[in-house]
Amino acid sequence: MSVHLGTRKLAFLSLLMAISVVLMILSGVLEFNTLFLLALASFGVGIAYREGGFSIGFGFLAGSMILGALLAPNKLYCITYGAMALYLLASEAVYDKLFQVKNMAVRGKLLWSLKYLIFNVLYVPMLILAPKLIYAGKVDTRLFLLMAAGGQILLFLYDKGYRYFQGNIWEKARIKLKFKE
């Protein structure tokens, strides 16, 4: 993909970054929807990647993290957003690299294996080094294992939600926005 963006896409991605930051801020205000709002905010990174490539996606991630750190009331949610968005950026890049694999079954298994690897490289250190980001109480071994297993299930649901969003909602929106080449 080219790094060159048309003015329409650049303007849209700028507005999308603003929406992502607003969603990050709202996740600190509306505590009952935190993960949903952060997940929705992170979808912007996936859109930026698909519309402009890795460097545009990374720039979107960096810009939204900086703005989130400056504006969001709960800075810890910026870390969660960053991990979710970094996962999407890495999984999109892996998907593009694996596109060369001709066998669909092998490609699918490799893709999911690498997605779980990426997720666990981000998630397990967070569980070990900063469990308070996930659970406020005392974390014993059983709770740690439960949170580790629960994370795998949440990853599957998050990824499926993202794929649904990209395949159904964003594809229709990009046609209406005349982004289709």
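Before reading on, note that the structure itself is shown above.
Residues numbered from 1 in each chain as written. Predicted model: local features only at pLDDT ≥ 70, side-chain atom pairs only at ≥ 80, totals over all residues. Heavy atoms only, no water.

## Focus on the overall build of the protein chain
Along the protein chain, the regular secondary structure elements total 6 helices and 0 strands. The order of helices and strands in the protein chain, counted from the N terminus, is α-α-α-α-α-α. Taking all 181 residues of the protein chain together, the buried fraction comes to 40%. Here the contacts in the protein chain between residues at least 6 apart in sequence split such that 70% fall between residues at least 24 apart. (Helix = DSSP H or I, 4+ residues; strand = E, 2+ residues; numbered from the N terminus. Buried < 20%, exposed > 50% of the residue type's maximum accessible area, 1.4 Å probe, protein only. Contact = heavy atoms within 4.5 Å.)

## Focus: the packing of helix α2 (residues 34–52) against helix α3 (residues 54–71)
Put simply, α2 and α3 touch, their axes get as near as 6 Å, and they point 150 degrees apart. As judged from the angle between their axes, α2 and α3 are roughly antiparallel. Along this stretch, α2 crosses α3, giving a crossing that reads as right-handed. Along its contact with α2, which presents Gly44, Val45, Ala48, Tyr49 and Gly52, the element α3 presents Phe54, Ile56, Gly57, Phe60 and Leu61. (Axes fitted to C-alpha atoms, helices over the stretch in contact; angles between N-to-C directions. Parallel < 35°, antiparallel > 145°, perpendicular 65-115°, else oblique. Left-handed = near helix turned anticlockwise from the far one by under 90°.)

## Comments concerning the packing of helix α4 (residues 75–98) against helix α6 (residues 141–176)
Across the interface, α4 lies against α6 with an axial gap of 12 Å and an inter-helix angle of 65 degrees. Between α4 and α6, the angle falls in the class roughly perpendicular. Judged by the twist between their axes, the crossing of α4 over α6 is right-handed. Taken together, the residues of α6 that come into contact with α4 (itself represented by Met84, Tyr87, Leu88, Ser91 and Glu92) are Leu155, Tyr158, Asp159, Tyr162 and Arg163. Considered class by class, the residues forming the contact of α4 with α6 number 6 nonpolar, 1 polar and 3 charged. (Nonpolar A, V, L, I, M, F, W, Y, C, P; charged D, E, K, R; others polar.)

## Focus: a nonpolar patch on the surface
On the surface, a cluster of nonpolar side chains totalling about 460 Å² of accessible area is made up of Val22, Leu26, Val29, Leu30 and Phe32. Relative to the elements of secondary structure, Val29 occurs in helix α1 (residues 7–29). For Val29, a relative accessible area of 54% corresponds to the exposed category. (Patch = residues over 30% accessible without salt bridge, like charges linked within 9 Å, V, L, I, M, F, W, Y side chains within 5 Å. Areas by Shrake-Rupley, 256 points an atom, 1.4 Å probe, with all protein chains shown as cover. Salt bridge = Lys/Arg side-chain N within 4 Å of Asp/Glu carboxyl O.)

## Focus: the pattern of salt bridges
According to the stated counting rule, one finds 6 salt bridges in the structure shown. The residue Lys9 makes a salt bridge to Glu51 at a minimum N-O spacing of 3.1 Å. Pair noted here: Lys9 is in helix α1 and Glu51 is in helix α2, with a separation of 42 residues, a long-range link. A relative accessible area of 13% means that Lys9 is categorised as buried.

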